[in-house]
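Structural description and commentary
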Amino acid sequence: KAEVPGPVADKLTPRITETAKILWGVYVLMTFVQAALLWIGDMSLFDALCHSFSTLATGGYSTNNASIAGFQSSYIHWVIIFFMIAAGTNFALHFRFIRGDYGSYWRNSEFRFYLMIIAAVGIVIGMDVYFLQGEGVDITIRDTLFQIAAILTTTGFASADYEQWSLVSQMLLFLLMFVGGCAGSTGGGMKVIRIYILIKFIFSEFVRLVHPQAVVPVRIGDIVVPRKVLVNIFGFFAVFMMFYVIGVILMSALGQDFATSISIVVATLGNVGPGLGTIGPTENYAHLPVAAKWACSFFMLLGRLEIFTVIILLSPRFWNK
């Protein structure tokens, strides 16, 4: 239930075990398709398999210390960009596409909003990289899309040192860490559908202020979002931000600088990996004190398992039942 934060559960079959088998099949197929494409692109078979496992799981681990930046191949970068975006998409949509429903992606409101985020942020950061960093058009488009996809889908790969970009670009990437992938994807974060519903709810409240008697339901496509779902999403958002604020204060108390403190918590809660400051795309977490590493480990588990799930498991009332 925690993995389906939207207004309706996306059931592919009546039985959850059959749905799980279908999604596993799609996952395995996409993994080996990516591995084959990377192998064709002059990556060794071992590297191709490792990076495919890491991409579709949005894990972000690389066999290269420089991550994907260590592979000087535009082809390899574009293949990974495509599959990172695919990994951040609802896997039920992939299954429908494979079955011949080619319009399933565009009919999905969450997926359209997901692409809008990538496009909007891409234009702003792309202009920064092109005009301020002096990169060529092809490298600008590639590096911009790569880092946006890596951060938004919480994969965490790196093809460029985005800490060398402007503060505007760094701030946009920082905000993307909160968003995460779509519901039903392997991505972490709050999930695109929650952000989408929150925005629609805020706009509906503005309309109610102007027209107090109006009935303005929050809709996702043709479906009216029940009040119970809205309350659940607002509750999740509040709890997420509560843990985030507590985490930032804790990291500051453990001696981390401002940029590191504000990014390390969302980078671990959202399972992104790289952040800003001393945990940027060219750094790692090895220098953190032991207490900070324990805290980050807890935040990673909390974010990956969905916050409410962990809170319930740690609740004495749950075990008393």
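A few points on the structure. (Residues numbered from 1 in each chain as written. Predicted model: local features only at pLDDT ≥ 70, side-chain atom pairs only at ≥ 80, totals over all residues. Heavy atoms only, no water.)

The next point concerns the nonpolar core. Ranked by internal contacts, the top residues of the largest apolar core, which has 62 residues, are L173, F174, L176, Y244, M251, V265 and L269. Of all the secondary-structure elements, those providing two or more residues to this core are α6 (109-132), α7 (137-152), α8 (167-179), α9 (192-210), α10 (227-253), α11 (258-269), α12 (290-304) and α13 (307-313). Among the elements that make up this core, the one with the highest residue count is α10 (10 residues). Excluding its chain neighbours within four sequence positions, the residues that come into contact with L176 are I117, V121, I148, I151 and L152. (Core = buried A, V, L, I, M, F, W, Y, C linked by side-chain atoms within 4.5 Å. Buried < 20%, exposed > 50% of the residue type's maximum accessible area, 1.4 Å probe, protein only. Helix = DSSP H or I, 4+ residues; strand = E, 2+ residues; numbered from the N terminus. Contact = heavy atoms within 4.5 Å.)

Between the first and last C-alpha of α8 there are 19 Å, a value that for 13 residues agrees with the 18 Å anticipated at 1.5 Å per step. The complete set of buried residues in α8 reads S169, Q170, L173, F174, L176, M177, F178 and V179. Two residues or fewer after α8 comes G180, characterised by a positive phi angle close to 80°. (Expected span 1.5 Å × (residues − 1).)

Let us look at the packing of α6 against α9. Packing of α6 against α9 brings their axes to within 9 Å, and their N-to-C directions diverge by 90°. Taken together, the axis directions place α6 and α9 in an arrangement best described as roughly perpendicular. Counting all contacts with α6, which are made through S109, E110, F113 and Y114, the residues of α9 involved are V192, I193, I195, Y196 and I199. Residue composition of the contact of α6 with α9, by class: seven nonpolar, one polar and one charged. (Axes fitted to C-alpha atoms, helices over the stretch in contact; angles between N-to-C directions. Parallel < 35°, antiparallel > 145°, perpendicular 65-115°, else oblique. Nonpolar A, V, L, I, M, F, W, Y, C, P; charged D, E, K, R; others polar.)

Estimated volume of the second largest pocket: approximately 910 Å³. Contributing to the lining of the second largest pocket are 38 residues, with G60, Y61, G156, G273 and P274 lying nearest its centre. Of all the secondary structure elements, the ones that give two or more residues to the lining of the second largest pocket are α11 and α12. A per-element tally of the lining of the second largest pocket places α12 first, with five residues. Per-class residue counts for the lining of the second largest pocket are 16 nonpolar, 18 polar and four charged. (1 Å grid on protein atoms, 1.4 Å probe; cavity = no way out; pocket = protein on both sides within 12 Å on 5 of 7 lines; lining within 4 Å. Points joined across faces, edges and corners; volume = space filled by probe spheres on them.)

The grouping of W78, I123, M127, Y130, F131, L132, V137 and I141 at the surface amounts to a nonpolar patch, some 840 Å² of accessible area in total. The leading source of residues in the nonpolar patch is α6, at five residues. (Patch = residues over 30% accessible without salt bridge, like charges linked within 9 Å, V, L, I, M, F, W, Y side chains within 5 Å. Areas by Shrake-Rupley, 256 points an atom, 1.4 Å probe, with all protein chains shown as cover. Salt bridge = Lys/Arg side-chain N within 4 Å of Asp/Glu carboxyl O.)

Tracing the backbone through its elements, the reader meets Y114 in helix α6. A relative accessible area of 0% means that Y114 is categorised as buried. Through-space distance from the C-alpha of Y114 to that of G88 is 9.0 Å; in sequence the pair is 26 residues apart. Setting aside chain neighbours within four positions, we find Y114 in contact with M84, I85, G88, T89, L152, T153, C182 and V192.

Another aspect to go through is the packing of helix α1 (residues 16-40) against helix α3 (residues 74-87). Where α1 meets α3, the axes come as close as 9 Å, and the angle between the chain directions of the two elements is 170°. With respect to each other, α1 and α3 are oriented roughly antiparallel. Counting all contacts with α1, which are made through M30, V33, Q34, L37, L38 and I40, the residues of α3 involved are Y75, I76, V79, I80, F83 and A86. The residue makeup of the contact of α1 with α3, split by class, is 11 nonpolar, one polar and no charged.

Helix length check: α10, at 27 residues, gives a terminal C-alpha distance of 39 Å against a target of 39 Å (1.5 Å per residue), a fit within 8%. Buried residues of α10: V229, L230, I233, F236, V239, F240, F243, Y244, G247, V248 and M251, and no others. Looking at the buried positions of α10, the neighbouring elements they touch are α8, α9, α11, α12 and α13.

For the structure on display, the rule yields one cavity of 30 Å³ or more. Approximately 30 Å³ is the volume attributed to the largest cavity. Lining the largest cavity, in full, are G189, F236, F240, L269, G270, G303, E306 and I307. Class assignment for the residues of the lining of the largest cavity results in four nonpolar, three polar and one charged.

Within this structure, the stated rule accounts for six salt bridges. Across the pair K21 and E18 runs a salt bridge, and its minimum N-O distance is 3.8 Å. Remark: E18 and K21 occur in helix α1; sequence separation between them is three residues, near one turn of the helix. The class of E18 is partly exposed, set by a relative accessible area of 34%.

In total, this model carries 18 aromatic pairs according to the counting rule given. Plain terms: the ring middles of F174 and F178 are 5.4 Å apart, the flat faces sit at 90° to each other, and that makes the pair edge-to-face. One end of the pair is F174 and the other is F178, both in helix α8 and four residues apart, which spans about a single turn. With centroids separated by 5.0 Å and ring planes inclined at 70°, the aromatic side chains of F201 and F234 adopt a geometry described as edge-to-face. You can see F201 sitting in helix α9 and its partner F234 sitting in helix α10, a full 33 residues away along the chain. Take F234: its relative accessible area is 33%, and that puts it in the partly exposed class. Taken together, the aromatic side chains of F174, F178, F236, F240, Y244 and F308 make up a single cluster linked through ring pairs. (Phe/Tyr/Trp six-rings, centres within 6.5 Å; stacked < 30°, edge-to-face > 60°.)

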